[in-house]
Every structure is written in C-alpha cells, then in structure tokens.
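Structural overview for review
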Amino acid sequence: MEDAAVLEPFELQYADLMLLSSLDRGSSSSSKEENKRLESITRTMMENLGPFGPGLLSITGVSKAYSLRHNLLPLASKLALLNDDHRKKILKEHGLGSDVSLKNQDRSVSSFAMQLKYVRSPNQKETHESRTFEQNCIDTDNLNESEDNEFKSLGHIFKELGFCMMELGLCLARICDKATGGQELEQSILESCSAKGRLIHYHSYLDNFIIKESARKKKCTKKPAELIRGASDLICNKNDSFGTDSSLWQQWHYDYGIFTVLTAPLFLSPCSNQKSGEKDCSFVSIEHTCLQIFDPVKNKIFLVKASPESFIIQVGESADVLSQGKLRSTLHCVCRPAKLDNLSREMFVVFLQPAWSKVFSMSDHSLQCAVSDPLSERKTSNLTQEIHKIVPPLSSRLKDGMTFAEFSRETTKQYYGTVGLQSKR
C-alpha cells in the first residue's frame, strides 16, 4: 500500500448532476456561458469514466448525506459483534439479511443486505422525475441515540440513504446515455426495479479475536476491554493467524453490475470505557479511503481519497458492455491501513444492476472493447502479474447471448467456486 499513489477522483456537484440529468438532448434555456460550463463538466466526467480514465468519480453536496452516513455506518460494527441470536432478531425486525457466512470466525467482513425496490407508474415516462421509491422518510436530526434504541431506526436509515444513492446512480446513467448517444444504462437499471444495499463492517484483527473468544467460551467471561489487552499477541503474529493476504480486507475484483455507489468510509478504533470496562469506539481520520484501484492505461495502482460527505460511483462490467466500451469498469480492492491494526472500516454500498433476464448482445466493437483483458495489454509489474492470476478475464465469464443472471453465476463461480481463482483467499 505504501507504493500506491493517491488519486482524488473528479468531484461532481450534486446540483450539477441533477441539472445535467434533467436537460433534454439538444435543448437548453441556459446562457451560452452556462452551456459551456455544463459541456465541460460532461466532457470531464466522461473522460474519468471512459476507457482512458480511472473508472470512477465522486459526488458532493448531497443534502443530509453526512447525517445519514454518520448515523448508519457505526451500526455495522455493532451488528457484526453482537451474539448470533440478538443479531438475527434485529436483522429480522428491519428486513435485513446477510450475504456472507456470519458463522465463519475468520471472515474479514460482515455484510448486512437488503433489496431496495422502487416502482414506476405505467402511465408515466421513464424519467428520474417519475420514479417512486418505496421508502419512509425520517428526521435524522432527532434520532434517539440511547443504547436501548440504537437499532430502532436501522431499517429506515438504511432505506433512506439507499434510495438517495440509487437516485445518484440513475441520474449518472441518464447523463452517460446522453453523452454516448445510447439509452441502455438507465433503461437497464429501471427494468431491474431494485438495487442491492449492503452495510459492511471490515473487521479489525481485534474483532476476529473477540468473535473467536466469544465462540470458544459460548459466553465470554472477559469484558471487551480485557480482550483488547489480550489481543496483542494475535496482532503481533497476524500474518500467521490470518494468512498471506492479511494486508487486504477484500481481494482484487471487478463489480459486475452497472454502477456501484459507495459512501465515504468511516474508520473506528476501539478504546475501553474506564467506568464500565466496556469497549467503545472512536472515530479515526486517515488520509485515504483504503479503496485501491488499478489503472491499466497508466499500469499503476492508486489509493482513492475522498471527502467524508461525498459518494463514490464506480463503473461495473455491465456498464462496460452496455456502453460498448465507452465506459470502463474499475478493477479494485480494499486494503488494510498500514500500522493501524485495530482499525475497522464501516461502509454502505448500493449495487445498481440490470434485470436478471437482461440479455447481453455484443457487437464486434463492444466485444473487442469490453472483453479485452487490460492486465495483459502491456508490460506488467510483478504485482500486476499477481493480480492477473486471481482475476478471471471478462472474456472467460461473458459470452454473447448470456443473460445477466448467467453472467452473474459464471462470474461468482470463476472467482469463488470450488476451483475459482479466489476460492481459498
């Protein structure tokens, strides 16, 4: 991670996102200067999302974003470390599930997921103004923060932030469609009628120690503050305990949907409460997000830096294909911060994807652009070669005429199946 350069993505203001997404092709009542400004923003945006850019950007200035993020993300850590019965009860009450095995005591992440659904009126045009989200708005400024009620608004905040992020992705898809002269991106997202939201806790070494101790004793007799002190040996020998990939929270991969919308992460560090002996967490600020991307044009790895109130949007492989190579998917991983072993990372992510029945029909142009292997196009470093060994090329996972469901299954199989490239990582 020390060798990675820092990348600050292009920042798109929320007001400009909404303005650009609401403008019809070829028509504008704005001044000449304003039109030039908007054209410049669009051009820069497409350069960043296109085949010669990093494949991501950030959006700032979203109302209530900071408040929603601040209230939701710490709940990921609390959920991850609850006992199984208590966690199941809370998840059920709020309509959440998990898409990782919470029985795996060596897991590097705990994820809590929900399908976020929306409906469209059949008599309305499919524009972002006509979408109706199935959500319950809440006043995030007056949440009850007492311990007994800390999960009371979990489902509401999850939905409100999730639908906000869905709208960001849909607006961006509409702008990209206009810029490329297509209509596949927004239409494909709309046809799916839902997106997947994931509240993710990236475990510190201490978290895994606590989980194992609790499981070993069924009901751990030590207080969390005592476990913090008892974890020092584990952390000193973390490479032996967690394997050779302990520097990464999440291995290198592509997202296979259209857009992935992420909050800026929240980092937590444990500390002991002197009065109760219980484990508390304090917010920690570091210089980057721990999100690493590989830029095949520059043949270089970058660490992404973003402001706390921003959202990051990454291009997925489906967008790469549907845009006929005019957008480029982002190869990325999540690294652990160096010398901060007890730090955990909290994140909320929304995955926008096509309907499962969407059929990929690729022209020769899109086949050449979208399924070429960027890792093998130029001389590569040793690290690039190592990444190549664990990332199955798109050409091996996607065939002309496949549905998105078939593509999803094949991708999962080649990454994580019995003989997948990351099955044992």
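Remember, predicted model here, so these are calculated numbers, not experimental data.

A few words now on the overall build of the chain. Scanning the chain from terminus to terminus reveals 15 helices and 15 strands. For the chain, the residues scored as buried account for 52% of the 425 residues in total. Summarising the internal contacts of the chain: among those between residues at least 6 apart in sequence, 78% fall at separations of at least 24. Summed over all atoms, the accessible surface of the chain reaches about 20300 Å², with 48% contributed by carbon and sulfur.

Further remarks concern the packing of helix α3 (residues 65-80) against helix α5 (residues 154-180). Relative orientation of the contacting elements α3 and α5 amounts to 125 degrees, with a least axis distance of 10 Å. For the element pair α3 / α5, the angle class is oblique. Here the hand of the crossing between α3 and α5 comes out left-handed. In contact with L68, R69, N71, L72, L75 and L79 of α3, α5 contributes L154, I157, F158, E160 and L161.

Positionally, K358 belongs in the loop between β15 (344-352) and α12 (364-370). Residue class for K358 comes out buried when judged on its relative accessible area of 15%. In terms of polar contacts, K358 uses its side chain to reach the side chain of E184, at 2.8 Å. Beyond its immediate chain neighbours, meaning those up to four positions away, K358 contacts E184, S188, L322, M402, T403 and F404.

Before going further, it helps to spend a moment on the confidence of the model for the chain. On average, the chain scores 84 in pLDDT, and the residues at 70 or more come to 77%. The low-confidence segment residues 135-148 (pLDDT under 50) makes 22 contacts with residues lying over four places distant or belonging to another chain. With pLDDT under 50 throughout, residues 272-277 is counted as low confidence; its partners more than four residues away or in other chains account for nine contacts.

As a further point, take the pattern of salt bridges. The full count for this structure, using the stated rule, is 13 salt bridges. Close ionic contact of R198 with D99 constitutes a salt bridge, the shortest N to O distance being 2.9 Å. With R198 in strand β6 (residues 194-202) and D99 in the loop between α4 (84-93) and β4 (109-120), this pair connects stretches of sequence that are 99 residues apart. In this structure R198 comes out as buried when scored by relative accessible area, which is 13%. The exposure class assigned to D99 is partly exposed, which follows from its relative accessible area of 31%. Here the salt bridges share partners, and the residues they tie into one network are D16, E34 and R37.

Along the chain, the position of R397 falls in helix α14 (residues 394-397). On the basis of relative accessibility, which here comes to 0%, the residue R397 falls in the buried class. Between the alpha carbons of R397 and Q414 there is a distance of 7.5 Å; along the sequence they are 17 residues apart. Setting aside residues no more than four positions away along its own chain, R397 makes contact with Y254, E317, P392, M402, F407, E410, T411, Q414 and Y415. Among the polar contacts made by the side chain of R397, one reaches the main-chain carbonyl oxygen of P392 at a distance of 3.0 Å.

What follows concerns the environment of A338. With respect to the helices and strands, A338 occurs in the loop between β14 (331-335) and β15. Residues A338 and C290, spaced 48 residues apart in sequence, show a C-alpha to C-alpha distance of 9.9 Å.

Summed over the entire model, instances satisfying the criterion amount to two cavities of 30 Å³ or more. Each pocket or cavity is described by its volume, and for the second largest cavity that value is around 30 Å³. In this structure, the second largest cavity is lined by A65, Y66, R69, L161, T263, P308, E309, S310 and F311. Take the lining of the second largest cavity: its biggest share by element is three residues, from α3. Tallied by class, the residues present in the lining of the second largest cavity amount to five nonpolar, two polar and two charged.

What follows concerns the nonpolar core. Taken as a class, soluble globular proteins show a tendency for nonpolar side chains to be buried jointly. With 70 residues, the main nonpolar core has L199 and F259 as its most contacted residues. Here the element with the most residues in this core is α5; it accounts for 14 residues. Core analysis: the next-biggest nonpolar cluster, separate from the first, contains 33 residues, V109, I200, C333 and V391 among them.

Let us look at the sheet that holds strand β11 (residues 291-295). Strand-to-strand pairing in sheets goes through backbone hydrogen bonds, with the strands running parallel or antiparallel. An order of β1-β12-β11-β14-β7 is seen for the five strands of this open sheet, with the pairing classed as mixed. Two strands in the sheet have a free side with no partner beyond their single neighbour: β1 (5-7) and β7 (248-254). Strand-to-strand twist across the sheet, computed as the mean angle between neighbouring axes with direction ignored, equals 30 degrees. Of the strand pairs in this sheet, β11 and strand β12 (residues 300-304) are connected by four bridges, and their pairing is antiparallel. Bridged to I293 within β12 is F302. Lying on the sheet, helix α13 (residues 382-390) is in contact with β7, β11, β12 and β14; it crosses β7 at an angle near 75 degrees.

Looking now at the packing of α5 against helix α6 (residues 184-192). Where α5 meets α6, the axes come as close as 7 Å, and the angle between the chain directions of the two elements is 145 degrees. On the side of α5, the interface is formed by L170, A173, R174, C176 and D177, while α6 contributes E184, L185, E186, I189 and L190. Considered class by class, the residues forming the contact of α5 with α6 number six nonpolar, no polar and four charged.

Scoring rules and cut-offs
- Residues numbered from 1 in each chain as written.
- Predicted model: local features only at pLDDT ≥ 70, side-chain atom pairs only at ≥ 80, totals over all residues.
- Heavy atoms only, no water.
- Helix = DSSP H or I, 4+ residues; strand = E, 2+ residues; numbered from the N terminus.
- Buried < 20%, exposed > 50% of the residue type's maximum accessible area, 1.4 Å probe, protein only.
- Contact = heavy atoms within 4.5 Å.
- Areas by Shrake-Rupley, 256 points an atom, 1.4 Å probe, with all protein chains shown as cover.
- Axes fitted to C-alpha atoms, helices over the stretch in contact; angles between N-to-C directions.
- Parallel < 35°, antiparallel > 145°, perpendicular 65-115°, else oblique.
- Left-handed = near helix turned anticlockwise from the far one by under 90°.
- Polar contact = N/O pair within 3.5 Å; in protein donor to acceptor, adjacent residues only side chain to side chain.
- pLDDT = per-residue confidence, 0-100.
- Salt bridge = Lys/Arg side-chain N within 4 Å of Asp/Glu carboxyl O.
- 1 Å grid on protein atoms, 1.4 Å probe; cavity = no way out; pocket = protein on both sides within 12 Å on 5 of 7 lines; lining within 4 Å.
- Points joined across faces, edges and corners; volume = space filled by probe spheres on them.
- Nonpolar A, V, L, I, M, F, W, Y, C, P; charged D, E, K, R; others polar.
- Core = buried A, V, L, I, M, F, W, Y, C linked by side-chain atoms within 4.5 Å.
- Pairing = 2+ DSSP bridges.

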